[in-house]
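Remarks on the overall topology
If you want the building blocks of each chain, they are given just below.
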Amino acid sequence: MPPSSSASTTGSAKSTSGGVQSLERAFDLLERMADAGGEVGLSELSASSGLPLPTIHRLMRTLVACGYVRQQANRRYALGPRLIRLGESASRLLGTWARPCLARLVEETGETANMALLDGDEVVYVAQVPSKHSMRMFTEVGRRVLPHSTGVGKALLATVPDDEVRALLSRTGMPAATERTITTPDGFLAALADVRRLGYAVDDNEQEIGVRCLAVSVPDSPTAAAISISGPAGRVTESATEKIVPVLQQAAAELSRALAGSGS
């Protein structure tokens, strides 16, 4: 009886281990597809992942059957529509996880705190905690804006290669929200160089006259994310910036740790 029990336990462990490995491989393939722009061929996946073609083909068949991947007419594979629902739900939760950090930002700076993601060519705001001042900034959660006129947009694009930024700007155009909006690719790339040099981004009356925003990216975020504070230009002054930026950077580091531990 003991030998039989031992054999059963060993077999169960192997089965569980195999299941976990298959999941890890499937999610790794989805990540690689996303990194490649959403559409790849099996040979490309095999080259980048190191997995044999039969293994990749088996995993992709399962993902296609579940709707998480679709096979194109050209026999290449693309991320499937069922991932959209998962992504939207995860984005909402990301905002929920961010709220404690944003609330502390409001307490320490006195200004409205925001979190935004880069979604395609646009910036989308996913969380906000408003300032307690009677005169305060308000951005509706879910609002989408073009990145060239926002602090969070600059923070998000500062890590993107210049040629990709130029391509994005050519797709979106660079309409002026105010007379202070940067409206040339060269001017915007110079602003991104400042972000990389200083460690934070500024929207100085570029999205709305009378409003200044300071923003930083969230390091090691599972998706490109940034947090910011926004307030009247009369309060978010140059001298206030020196005090606020370290608080923003600390909040971004805390949020990064919170997101890394959210699944544990």
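What you are looking at is a predicted structure, and each value in this text was computed from that prediction instead of being measured.

This paragraph deals with the sheet that holds strand β2 (residues 69–71). Hydrogen bonds along the backbone pair up the strands of a sheet, which may run parallel or antiparallel. An order of β1-β3-β2 is seen for the three strands of this open sheet, with the pairing classed as antiparallel. In this open sheet, the two edge strands, each paired with only one partner strand, are β1 (39–40) and β2. The pairing of β1 with strand β3 (residues 77–79) spans two bridges and is antiparallel. In the sheet register, Val-40 faces β3, and the bridge partner there is Tyr-77. Its contacts with the sheet place helix α3 (residues 53–66) against β2 and β3, and it is angled at close to 105° to β2.

Among the eight residues in strand β4 (residues 112–119), six count as buried, and that is most of the element. Bridge count for β4 against strand β9 (residues 225–232) is six bridges, and the pairing is antiparallel. Paired with Leu-117 across the bridge in β9 is Ala-225. With seven bridges connecting them, β4 and strand β5 (residues 122–129) associate as antiparallel partners. Bridge pairing in β5 places Asn-114 opposite Gln-128. Counted along the chain from β4 to the antiparallel partner β5, the turn is two residues long, and its residue Gly-120 has a positive phi close to 65°.

Moving on: the pattern of salt bridges. Tallied over the full model, the rule gives 16 salt bridges. Where Lys-154 meets Glu-206, a salt bridge forms, and the shortest distance between an N and an O atom there is 2.8 Å. In this pair, Lys-154 is assigned in helix α5 (residues 151–157) and Glu-206 in the loop between β7 (201–204) and β8 (211–217), connecting sequence segments 52 residues apart. Just as Lys-154 is buried, Glu-206 falls in that class too. A salt bridge links Arg-212 to Glu-238; the nearest nitrogen and oxygen atoms lie 3.3 Å apart. Residue Arg-212 is located in strand β8, and its partner Glu-238 is located in helix α8 (residues 238–260); the two are separated by 26 residues in the primary sequence. Residue class for Glu-238 comes out exposed when judged on its relative accessible area of 56%. Residues joined by salt bridges that share partners form a network here, namely Arg-180, Asp-204, Arg-212 and Glu-238.

What counts as what
- Residues numbered from 1 in each chain as written.
- Predicted model: local features only at pLDDT ≥ 70, side-chain atom pairs only at ≥ 80, totals over all residues.
- Heavy atoms only, no water.
- Pairing = 2+ DSSP bridges.
- Helix = DSSP H or I, 4+ residues; strand = E, 2+ residues; numbered from the N terminus.
- Contact = heavy atoms within 4.5 Å.
- Axes fitted to C-alpha atoms, helices over the stretch in contact; angles between N-to-C directions.
- Buried < 20%, exposed > 50% of the residue type's maximum accessible area, 1.4 Å probe, protein only.
- Salt bridge = Lys/Arg side-chain N within 4 Å of Asp/Glu carboxyl O.

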